[in-house]
Amino acid sequence: MTMAENIQNPALTPEFPRIIKIRTLSENNPYSFDETPTPEEATRIARFLGIVAIRKMRFQGTLSPQERTGWALKATLGVTVTQNCVVTLEPVRTRIDIDVARRFLPVQAGGSGDEIEMLDPDIDPLTPEIDLGALAIEALVLEIPEYPKRTGATLEESDFTAPGASPMTDADVKPFAGLAALKDSLKNND
């Protein structure tokens, strides 16, 4: 089986389509994969994630038959992401290397035990296809720094008061400070 046989529907994950058809896998042997995006796919992934760039992305591992009806994925994801610093807007590079483990199990209609088990975030319902590209992007989304900051970057203190006005205190800028004062004055009037 070649990878070209497995990439059937890039419309589902246009950024990094790596679709594995379950029916093409051996129920007795693990399926090994080693996926890297093309330069165009890397650009689409970065755009999708709202970051500057990704480089050196590699998703590799195995899909192994499990419990006669399911599949277990064990993989590693390595990628270098470039984001803008939240303080200076200069590029910040971060290397991410993580393990990814998922199980794909069939969902039985009417069984309450299966419904509870599917609440586990590492378990997915078994469908005719497994999208390795979507799994890689999902794992990456969970690991990208939310607020990337260059080493040593600091925010300067800002003053947003009008010229000649008294500086505002922290209590002044709290949205419910006025309501708290009103409540206190109503209590004092009773």
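Right above here is the structure, for reference.
Everything numeric here is computed off the predicted structure, so don't read it as measured data. (Residues numbered from 1 in each chain as written. Predicted model: local features only at pLDDT ≥ 70, side-chain atom pairs only at ≥ 80, totals over all residues. Heavy atoms only, no water.)

Thoughts on the overall build of the protein chain
Within the protein chain one finds 6 helices and 7 strands. Along its sequence from the N terminus, the protein chain presents helices and strands in the succession α-β-β-α-β-β-β-α-β-β-α-α-α. The proportion of buried residues among the 190 residues of the protein chain is 32%. Nonlocal contacts in the protein chain, meaning residues at least 24 apart in sequence, comprise 58% of its contacts between residues at least 6 apart. Approximately 12,600 Å² of the protein chain is accessible, and the part contributed by carbon and sulfur atoms is 53%. (Helix = DSSP H or I, 4+ residues; strand = E, 2+ residues; numbered from the N terminus. Buried < 20%, exposed > 50% of the residue type's maximum accessible area, 1.4 Å probe, protein only. Contact = heavy atoms within 4.5 Å. Areas by Shrake-Rupley, 256 points an atom, 1.4 Å probe, with all protein chains shown as cover.)

Section: a nonpolar patch on the surface
A cluster of nonpolar side chains, contributed by Phe176, Leu179, Leu182 and Leu186, occupies part of the molecular surface with about 440 Å² of accessible area. Within the fold, Phe176 resides in the loop between helix H5 (170-173) and helix H6 (177-189). (Patch = residues over 30% accessible without salt bridge, like charges linked within 9 Å, V, L, I, M, F, W, Y side chains within 5 Å. Salt bridge = Lys/Arg side-chain N within 4 Å of Asp/Glu carboxyl O.)

Structural notes on the side chain of Glu41
In this structure, Glu41 sits in helix H2 (residues 39-49). By relative accessible area, Glu41 is classed as buried at 7%. Side-chain polar atoms of Glu41 contact the backbone nitrogen of Thr38, separated by 2.8 Å. Beyond its immediate stretch of four places on either side in the chain, Glu41 contacts Glu15, Phe16, Pro17, Arg18 and Thr36. (Polar contact = N/O pair within 3.5 Å; in protein donor to acceptor, adjacent residues only side chain to side chain.)

Here's the deal with the environment of Cys85
When you line up the elements, Cys85 lands in the loop between strand S4 (70-84) and strand S5 (91-105). Taking C-alpha positions, Cys85 is 8.4 Å from Ala153, a pair spaced 68 residues apart along the chain. Leaving out residues up to four positions away in the same chain, Cys85 has contacts with Glu90, Val92, Pro148, Lys149, Arg150 and Ala153.

Quick notes on the packing of aromatic side chains
A full pass over the atoms with the stated rule returns 1 aromatic pair. Both rings, one in Phe33 and one in Phe59, keep their centres 5.4 Å apart while their planes meet at 45°; by these two values the pair is tilted. Placement of Phe33 in strand S2 (residues 31-35) and of Phe59 in strand S3 (residues 53-66) is noted, with a sequence separation of 26 residues between them. In this structure, Phe33 and Phe59 share a single accessibility class: buried. (Phe/Tyr/Trp six-rings, centres within 6.5 Å; stacked < 30°, edge-to-face > 60°.)

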